[in-house]
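Here are the chains, one letter per residue:
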Amino acid sequence: MLSEDIGEARRIADYLKTSGLISVALIANRASCDQLAERPMDLVVLDCDGRTVDGLALGRRILAQGQPGLVFVSKRDDEVERVIGLDMGADDFLVRPFSLRELTARVRAVLRRRRMVPETIGADIRHVRGWTIDLTRREIADPDGEVVRLTRGEFDLLAAIVQAGGRPVTREYLLEVVSKRADAVSDRTVVTLISRLRRKLDRGAGDLDLIRTEPGVGYRITAD
């Protein structure tokens with residue numbers, strides 16, 4: 001648990017530990033990321049309410065060090081902050097007040113999702129209109145073989161649509177894919193991520209429409 005409130009950090013860390021989850025209490029300061037690099041972990045619970053540290057900026061640094069699981073907590077019920085946190089790659093975002101039992105359940109859910117695909121599993125590669133989408137390595141390459149960089153949220157949406165095999169995927173399902181909890185973000189988040197995906201996958205070809213809108217339903221991948 002990363003928080004400037006040492007007492008709360010220790011309380012949450014102790015509770016997670018008694019629930020069978022290994023955790024460590026650290027103060028969220030400039031040295032925190034260095035300490036995490038020295039002691040890698042599966043998941044970090046990060047407090048966004050620090051007075052001297054930008055929690056979202058620290059979260060971005062943590063993700064850049066190796067994509068550990070990341071759960072933000074905050075007392076501010078700010079949709080913009082939640083969207084930014086989830087879009088940068090966080091696995092969940094809890095708004096205070098919440099119980100330690102709920103936090104523990106969310107942490108367990110994140111760990112289960114992250115361990116669903118073993119590192120030794122065979123490659124799951126899809127080819128769509130010249131594009132190569134590697135669902136195991138979480139990479140997408142254009143017809144010329146150039147890798148296109150996507151955020152975690154963008155790739156999660158793309159993977160969900162691709163795995164549907166041309167069948168429409170509802171906005172409600174994509175919302176769950178992005179937020180891991182349907183009421184954590186708004187429907188606008190899906191629309192925004194789809195728009196970003198389309199811009200990145202356009203690559204200058206205005207007629208390339210990999211992701212097609214199905215009015216009143218959602219989106220589907222197009223192979224024709």
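Below or above, wherever it landed, is the structure these notes cover. Quick caveat: nothing in here was measured; it's all calculated off a predicted structure. (Residues numbered from 1 in each chain as written. Predicted model: local features only at pLDDT ≥ 70, side-chain atom pairs only at ≥ 80, totals over all residues. Heavy atoms only, no water.)

### Examining the sheet that holds strand β5 (residues 131-134)
If you trace the 4 strands from one edge of the open sheet to the other, you get β4-β5-β6-β7, paired in antiparallel fashion. In this open sheet, the two edge strands, each paired with only one partner strand, are β4 (125-128) and β7 (147-148). Looking at chain direction, strand β6 (residues 139-141) and β7 are connected through 2 bridges and run antiparallel. Pairing of isoleucine 140 across the sheet is with valine 148, part of β7. (Pairing = 2+ DSSP bridges. Helix = DSSP H or I, 4+ residues; strand = E, 2+ residues; numbered from the N terminus.)

### Some words on the pairing of strand β1 (residues 43-47)
Where burial is concerned, most of β1 is hidden: 5 out of the 5 residues are buried. Judged by which residues are buried, β1 turns out to be covered on both faces: Leu43, Val45 and Asp47 on one side and Val44 and Leu46 on the other are all buried. Strand direction decides the pairing type here: β1 and strand β2 (residues 69-74), joined by 5 bridges, are parallel. Looking across to β2, one finds that valine 45 is bridged to valine 71. (Buried < 20%, exposed > 50% of the residue type's maximum accessible area, 1.4 Å probe, protein only.)

### Remarks on the packing of aromatic side chains
Inspection of every chain in the model, using the stated rule, returns 1 aromatic pair. Between phenylalanine 72 and phenylalanine 93, the ring centres sit 5.6 Å apart and the planes meet at 40°, which makes this aromatic pair tilted. With phenylalanine 72 in strand β2 and phenylalanine 93 in strand β3 (residues 92-95), this residue pair connects regions lying 21 residues apart in the sequence. Phenylalanine 93 shares its class with phenylalanine 72; the two are buried. (Phe/Tyr/Trp six-rings, centres within 6.5 Å; stacked < 30°, edge-to-face > 60°.)

### A closer look at helix α3 (residues 55-64)
Along α3, the residues classified as buried are Gly55, Leu56, Leu58, Gly59, Ile62 and Leu63. The buried residues of α3 occupy an angular sector of 160° when the element is viewed end-on, so they sit on one face. (Arc of directions from axis to C-beta.)

### Quick look at the nonpolar core
Ile140, Leu157, Leu158, Leu174, Leu201 and Ile211 are the most contacted members of the largest nonpolar core, which totals 29 residues. Setting aside chain neighbours within four positions, we find isoleucine 140 in contact with Trp131, Thr132, Ile133, Glu146, Val147, Val148, Leu150, Phe155, Leu158 and Leu201. Grouped together as the second largest cluster of nonpolar side chains are 14 residues, Ile12, Phe98, Leu100 and Val107 included. (Core = buried A, V, L, I, M, F, W, Y, C linked by side-chain atoms within 4.5 Å. Contact = heavy atoms within 4.5 Å.)

### Side note on the pattern of salt bridges
Within the structure shown, the criterion is met by 10 salt bridges. Residue arginine 137 is joined to glutamate 139 by a salt bridge in which the shortest nitrogen-to-oxygen separation is 3.8 Å. Measuring nitrogen to oxygen at the nearest pair gives 2.9 Å for the salt bridge that ties arginine 138 to aspartate 156. With arginine 138 in the loop between β5 and β6 and aspartate 156 in helix α6 (residues 152-163), this pair connects stretches of sequence that are 18 residues apart. Look at aspartate 156 and you get buried, because its relative accessible area is 15%. Beyond isolated ion pairs, a larger network of salt bridges with shared partners links Asp92, Glu102 and Arg106. (Salt bridge = Lys/Arg side-chain N within 4 Å of Asp/Glu carboxyl O.)

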